[in-house]
Amino acid sequence: MLDDSDRDEVLALLDTDPVANVFVAARVRAVGLSPSRLGGQMWGYGPRGGLVSLCYAGANLVPVNATREAVHAFADRARKQGRRCSSIVGPAGAVEQLWERLEPHWGGARAIRWAQPVMATSSAPAVEPDPLVRRVRPEEFGILLPACVAMFTEEVGVSPDNGDGGALYRSRVAELIRIGRSYARIDDGQVVFKAEIGAVTPQACQIQGVWVHPDLRGRGHAAAGMAAVVEQALKYFAPVVTLYVNDFNLPARAVYRKVGFREVDTFMSVLF
């Protein structure tokens, strides 16, 4: 298990693939490696000064640059510790290997997303941004929250209100608004389009939570809204904008390609 004394080496390894590792790198840059602040543990494989692979073990289990030998070691530690995560997510090959070793001990998953294309862009959007998409203001939390809950439920298959009544999810939505990373088009008190910039490093930032009101889909709001968020992300946050999407979500993938995203990797998620 790694700690703050390993921070520089961990960040150097994460920075070898800033797009794939943006979530973990953002956490480490923000709070370091102390488990109490990280909200989990960071496991390293290889000697200090020569780390080969990492695994973030928190609310998610996320392998980083994981060799086959590292996957075996991480799976063994996770098996002995017992399942504490709500998902395994990361590069498809490593996640599939982890799940092969953990499924006999952890039992079945609620859902498996076998292929989730990772997409990225560093260019100005290829379509006209929606000028009505803007940062959400703190006093609009009550307007945005139902849209966030609807997006999460539609995407993940369960409500974020399960478990703790949604307290942790509401706190995260409010925090993203507070730090200026929640964007939406709100017409007459109704969310038309929304998205958040969930993770940020100096090299990349990750868009999440993309949603268009069901009654307004098919009218171009997604492409114009994403163009607006990409424009803001490149201007204020990082030189590369990334996201990942389910392979079966063909309309979303088409929108992202239209805006200028290109597929650069493939993730896999195991959801519990």
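If you look the chain up in an unreviewed UniProt entry, it shows as N-acetyltransferase GCN5 from Microbispora siamensis.

S.K.: Explanation requested: the overall build of the chain in the structure shown.
M.R.: When you go through the chain residue by residue, the secondary structure sums to nine helices and 11 strands. In terms of principal-axis extent, the alpha carbons of the chain reach across some 55 × 35 × 35 Å. Across the 272 residues that make up the chain, the buried fraction comes to 50%. Across the chain, the fraction of contacts at a sequence separation of at least 24, relative to all contacts at a separation of at least 6, is 67%.

S.K.: I tried to follow unusual backbone geometry on my own but got confused; where do I start?
M.R.: Comment: phi is negative for the bulk of residues other than glycine, and the bulk of peptide bonds are trans. Despite not being glycine, Asn 65 has its phi angle at roughly 50 degrees, a positive value. Looking at the secondary structure, you find Asn 65 in the loop between β3 (60-64) and α4 (68-81). Its relative accessible area of 44% is what places Asn 65 among the partly exposed residues. Phi is positive for Asp 188, which is not a glycine, with a value near 50 degrees. Position of Asp 188 relative to the elements: it lies in the loop between β7 (182-187) and β8 (190-200). You can call Asp 188 exposed: its relative accessible area is 85%.

S.K.: Just checking my understanding: could you explain the sheet that holds β7 for this structure?
M.R.: The pairing of strands in a sheet comes from backbone hydrogen bonds and takes either a parallel or an antiparallel form. On the basis of which strands lie adjacent, the open sheet formed by 11 strands has the order β1-β2-β3-β4-β11-β5-β10-β9-β8-β7-β6 and mixed pairing. Of all strands in the sheet, those with a lone pairing partner are β1 (41-45) and β6 (134-135), marking the two edges. Sheet topology places strand β5 (residues 111-121) next to strand β11 (residues 262-271); eight bridges connect them, and they run antiparallel. From the neighbouring strand, Ala 120 faces β11, where its bridge partner is Arg 262. Relative to the sheet, α4 contacts β1, β2 (53-57) and β3, its axis offset from that of β1 by approximately 145 degrees. Running at roughly 35 degrees to β8, helix α8 (residues 221-236) makes contact with β5, β6, β7, β8, β9 (205-212) and β10 (241-244) of the sheet.

Basis of the calculations
- Position labels on residues start from 1 in each chain and follow its written sequence.
- At least 70 in pLDDT is required for a residue's local features to be given in this predicted model, at least 80 for side-chain atom pairs to be given and counted, and no such filter applies to totals for whole chains, interfaces and linings, which use all residues.
- Hydrogens and water are ignored here; the side-chain numbers use all heavy atoms of the structure.
- A run of H or I in DSSP counts as a helix once it spans at least four residues, and a run of E counts as a strand once it spans at least two, with each numbered from the N terminus.
- Only protein chains enter the accessibility calculation, which uses a 1.4 Å probe. A residue is then buried if its area is under 20% of the maximum for its type, exposed if over 50%, and partly exposed in between.
- We call two residues in contact whenever any of their non-hydrogen atoms come within 4.5 Å of each other.
- Here the rule is simple: two strands pair whenever DSSP picks up at least two bridges between them.
- Lines fitted to C-alpha atoms define the axes here, with helix axes fitted over just the stretch in contact, and angles between the N-to-C directions of these axes take values from 0 to 180 degrees.

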